[in-house]
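Secondary and tertiary structure notes
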Amino acid sequence: MPRVKAIAKVRPAPGVDIIDVEEPQVRPGTVKLRVERASVCGTDLHIYNWDAWSSGRIKPPRVIGHEFCGTITEIGDGVTDRRVGDFVASESHIVCGTCRLCRLGLGHLCENTQILGVDVDGGFAPYAVIPAMNARPTSSVVPRTVASMQDAIGNAVHTVLAGPVEGQTFLITGLGPIGLFAVAICKTLGARKVYATEVSEYRIELAKRLGVDTVINPLQEDAHKMLSDCEPGGVDATLEMSGHPGSLELGIEHTRPGGRVSLLGLYSDRLRFMDMNKVIFKGLELQGIVGRKIWQTWDQMDELFTKRGLDLTAVVTHEMPFTEVEQAMQILKKGEAGKIVLSFE
Ligand SMILES: [Zn+2]
Ligand SMILES: [Zn+2]
């Protein structure tokens, strides 16, 4: 059996290694792809750091990586809707299709979800074998670097489209990659105004290239005062993407009565002392957003790229061969990057 290089967690300790693995073999219901690009996610950094979440969940050795794209080279028995030569990108959540929630059309909440590169081997390797369903056909108009990030872009699409967009005003709290994607998606879909909060000057500059109207740096400015001055009646929607309790508070305060607060950022601890009575009296809609809708979000994303001209190339700040993954992790740790894309060609 041919052997290939892959990026893997081999020991229950911080770090990742490039190791020799057997080239994965296609199985019934799966496709094999020649991985071309893969993008590094915050989750990969958690795995690299071997934090409480990843050490409790991952059983080494595990090939990591869940955001990737490539061309199908083989299809398994029983696969009828994918072909050799199709260009596809990964949906990282493998859902069962048979549980109560899957049957309700709520596959993003599947009780039996397994995650690529976490629970099963992922795509930081020249070849990956994944369920055919998880290989999402991608238009050739999408640049490969951007195609590789669609799992993450889908989080932003899901969040932005959880309510009306055209003509609406938004507050996006946190401009990590998903917040940056959300800025561009809101602008592409005709949002009237997009405000954002962020503390990193590097990310603020990226957001400006994506068309954000106003960015507030809460370390240097009074965010409450600025929002009260600019939008006295409150914004129509807040997209909370930072996992920072202060940002949630800001959103509850500055979203107009009857507006929505969509929550994607994860909080590192339980929140206390939130003014929930304000949520009630303002009639706010608080929404938890997880993953991507199976498969509606992917259809919406395709439409954004092929018909609405969504351009996210500015978010890709680094491209490097996969052998430089260590350097990629160090850059991400410093927060001086949008998305880092690895090449496996
Ligand atoms: Zn990811
Ligand atoms: Zn299910």
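Residues numbered from 1 in each chain as written. Chains lettered and ligands numbered in written order. Predicted model: local features only at pLDDT ≥ 70, side-chain atom pairs only at ≥ 80, totals over all residues. Heavy atoms only, no water.

Some words on helix α5 (residues 150–160)
In an α-helix, one turn spans 3.6 residues; hence positions three or four apart end up facing the same way. What counts here: For the exposure calls, accessible area comes from a 1.4 Å probe over protein chains only, and a residue counts as buried if that area is under 20% of its type's maximum, exposed if over 50%, partly exposed in between. What counts as a helix is a DSSP run of H or I of at least four residues, what counts as a strand is a run of E of at least two, and both are numbered from the N terminus.
Taking burial as the measure, the 11 residues of α5 include 11 buried ones, the bulk of the element. For α5, the set of buried residues is Gln150, Asp151, Ala152, Ile153, Gly154, Asn155, Ala156, Val157, His158, Thr159 and Val160.

Examining the coordination of the zinc ion (ligand 2)
In an ideal tetrahedron of four donors about a metal, each angle is 109.5 degrees. In an ideal octahedron of six donors, the angles are 90 or 180 degrees. Rule in force here: Only nitrogen, oxygen and sulfur atoms within 2.8 Å of the metal, or 3.2 Å for Na, K and Ca, are treated as donors, and water is left out, so sites may look incomplete. Metal sites are grouped by the angles between bound donors: all angles between 85 and 135 degrees with four donors is tetrahedral, opposite donors over 155 degrees apart with the others between 65 and 115 is square planar for four donors and octahedral for six, and any other pattern is irregular.
Distances from the zinc ion (ligand 2) to its protein donors, namely Cys96 (SG), Cys99 (SG), Cys102 (SG) and Cys110 (SG), fall within the range 2.3 to 2.4 Å. Around the zinc ion (ligand 2) sit four donor atoms, and with donor-metal-donor angles ranging over 104 to 119° the site reads as tetrahedral.

Let's talk about the nonpolar core
Which entries qualify depends on this criterion: Definition used in this section: a nonpolar core is a set of buried Ala, Val, Leu, Ile, Met, Phe, Trp, Tyr and Cys residues joined via side-chain atoms within 4.5 Å.
One finds Ile153, Ile172, Phe181 and Ile185 to be the most contacted residues of the largest nonpolar core, which totals 55 residues. Sorting elements by how many residues they give to this core places helix α6 (residues 177–188) first, with seven residues. Counting 37 residues, the second-largest nonpolar core is a separate cluster that includes Ile7, Ile47, Val325 and Phe344.

A look at the pairing of strand β14 (residues 235–240)
This is how the line gets drawn: At least two bridges found by DSSP between two strands is the condition for calling them paired.
Summarising burial for β14: six of the six residues are buried, a large majority. Pairing between strand β11 (residues 169–173) and β14: four bridges, direction parallel. The residue bridging Leu171 from the neighbouring strand is Thr238, located in β14. The pairing of β14 with strand β15 (residues 255–263) spans five bridges and is parallel.

As for the environment of Thr71
Worth spelling out the cut-off: We call two residues in contact when some of their heavy atoms are within 4.5 Å.
Position of Thr71 relative to the elements: it lies in strand β5 (residues 68–75). Judged by relative accessible area, Thr71 falls into the partly exposed class, the value being 21%. For the pair formed by Thr71 and Val35, sequence separation is 36 residues and the distance between their alpha carbons is 6.8 Å. Aside from chain neighbours lying at most four places away, what touches Thr71 is Lys32, Leu33, Arg34, Glu36, Gly85, Asp86, Phe87 and Arg144.

Here's the deal with the sheet that holds strand β2 (residues 17–22)
Ordered by their spatial adjacency, three strands build an open sheet running β2-β1-β4, and the pairing between neighbours is antiparallel. On the outer flanks of this sheet lie β2 and β4 (62–63), each paired with one strand and no other. Pairing analysis gives two bridges linking strand β1 (residues 3–9) to β4, with the strands arranged antiparallel. Looking across to β4, one finds that Lys9 is bridged to Arg62.

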